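This is what each chain is made of:
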Amino acid sequence: MQHSIETPKKLLGAQVEDALMTYILQTPVEVGQKLPNEFELAQMFDVGRSTIREAVKGLATKGVLEVRRGDGTYVQSHWTLDDDPLGLSRLNDKFTLALELFDVRLMLEPDIAALAAERATEEEMRNLRRLCDEVESTYLSGENHIPKDVEFHTCIARCSKNRVVEMLIPTITSAVMTFANLTHRQLMQETIETHRAVTDAILARDSTGARCAMVMHLTYNRQALLRMRREQQLAAGAPETKDKT
C-alpha cells in the first residue's frame, strides 16, 4: 500500500520538475536571476509546496538551480549536469567559450560528418532528413529552433557509429547552445543552407562533401561570432581583442 501511494507522488514531482525547467527556459529566467518564491510557484503549477520543494531539489541536484538559505532560489545554469558534464555553461566569458568550442568542433565535427556519410543506416538518414526539415521549419516560424538544432548535430554524431564520439555529444550540445544563445537567430539563412548541404552530402554518402559542408557550416558561425564581438567592443568603446587564428 505504501508503494502505491509514493509512486504517483514521484511521478508528479518529476512532471513539475520538467514543467519548472520549461518555465525557466521559455520565460526565460536568466542565469543569476531569482525564481518566484515557493508559494507563488505552487500557485503557478497548481500543486502543493512540498511538490515544488521536490522539483526545486531535483533541479538543484542537476546543477540548474541554487538554493540560498534565507534568500531564495536562483537559476545557476540553463543546462543540466547530464547535458553539460564538463560544467562549461558555468564559465562566465561566453564569447571566449564559444570560440574555444569552435576550435574543438572544427577538429571533430567535419570528420564526424564524413563518418556519418559512410556509416549511417537508411533509417538514420531518414531521421537526419526529418531533423533538417524540422530545424528549418521551426526557424522560419519563429519558434525556438535550438532543441532541434541540438538533435540534428546529435544525430550526425550517432551516425558515425563511434562510441567515443557518442560520449562527446554533451560537449557538442554545449557548443550548439552556447552559440545559439549568443547569436539569437542572426544566422537563420546560413544555418538553413549549410545544414541542408551537410544533410545532402550524408544522404548521398559523399564523405568528402559532408566534411567540407560541415567546415563551411562551422566557419560561417565562427565568423558571425567574431563579427558580433567586434561590434560589441566598438559600441562599448573598448579596444578590439585580437582573435586566435
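Shown above is the structure to which this text applies.
Since this is a predicted model, take the numbers as computed values, not measurements.

A. Quick peek at empty space enclosed by the protein. Enumeration over the complete set of coordinates arrives at 2 cavities of 30 Å³ or more. Of the volumes computed, that of the largest cavity is approximately 110 Å³. Taken together, 14 residues line the largest cavity, and the ones lying closest to its centre are D149, V176, F179, T191 and N221. Elements with a minimum of two residues in the lining of the largest cavity: α6 (146–159), α8 (169–183), α9 (188–203) and α10 (207–235). Here the lining of the largest cavity gets 4 residues from one element, more than from any other, and that element is α8. Along the lines of polarity and charge, the residues of the lining of the largest cavity split into 4 nonpolar, 7 polar and 3 charged.

B. Molecular detail of the packing of aromatic side chains. Counting across every chain of the model gives 2 aromatic pairs. Measuring from ring centre to ring centre gives 6.3 Å for Y23 and F45, while their planes differ by 90°; the resulting arrangement is edge-to-face. Here the residue Y23 occupies a position in helix α1 (residues 2–26), and F45 occupies one in helix α2 (residues 38–45), the gap between them amounting to 22 residues. Note on Y23: relative accessible area 21%, which makes it partly exposed. R68 extends its terminal NZ or CZ atom over the ring of Y74, reaching a point 3.8 Å from the ring centre.

C. How the structure looks around the pattern of salt bridges. Under the definition given, this model contains 14 salt bridges. The partner of E134 in a salt bridge is R130, and the shortest N-O contact between them spans 3.0 Å. Taken together, the positions of E134 and R130, both in helix α5 (residues 122–141) and 4 residues apart, correspond to about one turn of that helix. Taking relative accessible area as the criterion, E134 reaches 22% and is therefore assigned partly exposed. The closest approach of N and O atoms between K148 and E151, which form a salt bridge, is 3.3 Å. Linking K148 with E151, this pair stays in helix α6, spanning 3 residues, or about one helical turn. The exposure class assigned to E151 is partly exposed, which follows from its relative accessible area of 34%. In this structure, a network of salt bridges that share partners links the residues R130, E134, K148 and E151.

D. Highlighting a nonpolar patch on the surface. Taken together, the side chains of V104, M107, L108, V164 and L168 define a hydrophobic patch exposed on the protein surface, amounting to about 410 Å² of accessible area. At 3 residues, helix α4 (residues 94–119) tops the list of elements feeding residues into the nonpolar patch. Relative to the assigned elements, L168 resides in the loop between α7 (163–167) and α8.

E. Structural detail: the nonpolar core. Of all hydrophobic cores here, the largest spans 42 residues; its most connected members are F152, I156, I202 and L225. Going through the elements one at a time, α4, α5, α6, α8, α9 and α10 are the ones with two or more residues in this core. Residues contacting F152, with those up to four places away along its chain left out, are L128, L131, C132, V135, H195 and T199. One finds V47, A55, V56 and L65 within the second-largest nonpolar core, a separate group that totals 16 residues.

Analysis parameters
- Residues numbered from 1 in each chain as written.
- Predicted model: local features only at pLDDT ≥ 70, side-chain atom pairs only at ≥ 80, totals over all residues.
- Heavy atoms only, no water.
- 1 Å grid on protein atoms, 1.4 Å probe; cavity = no way out; pocket = protein on both sides within 12 Å on 5 of 7 lines; lining within 4 Å.
- Points joined across faces, edges and corners; volume = space filled by probe spheres on them.
- Helix = DSSP H or I, 4+ residues; strand = E, 2+ residues; numbered from the N terminus.
- Nonpolar A, V, L, I, M, F, W, Y, C, P; charged D, E, K, R; others polar.
- Phe/Tyr/Trp six-rings, centres within 6.5 Å; stacked < 30°, edge-to-face > 60°.
- Buried < 20%, exposed > 50% of the residue type's maximum accessible area, 1.4 Å probe, protein only.
- Lys NZ or Arg CZ within 6 Å of the ring centre and 35° of its normal.
- Salt bridge = Lys/Arg side-chain N within 4 Å of Asp/Glu carboxyl O.
- Patch = residues over 30% accessible without salt bridge, like charges linked within 9 Å, V, L, I, M, F, W, Y side chains within 5 Å.
- Areas by Shrake-Rupley, 256 points an atom, 1.4 Å probe, with all protein chains shown as cover.
- Core = buried A, V, L, I, M, F, W, Y, C linked by side-chain atoms within 4.5 Å.
- Contact = heavy atoms within 4.5 Å.

From the geometry alone we can't say anything about function, so treat these as descriptive.
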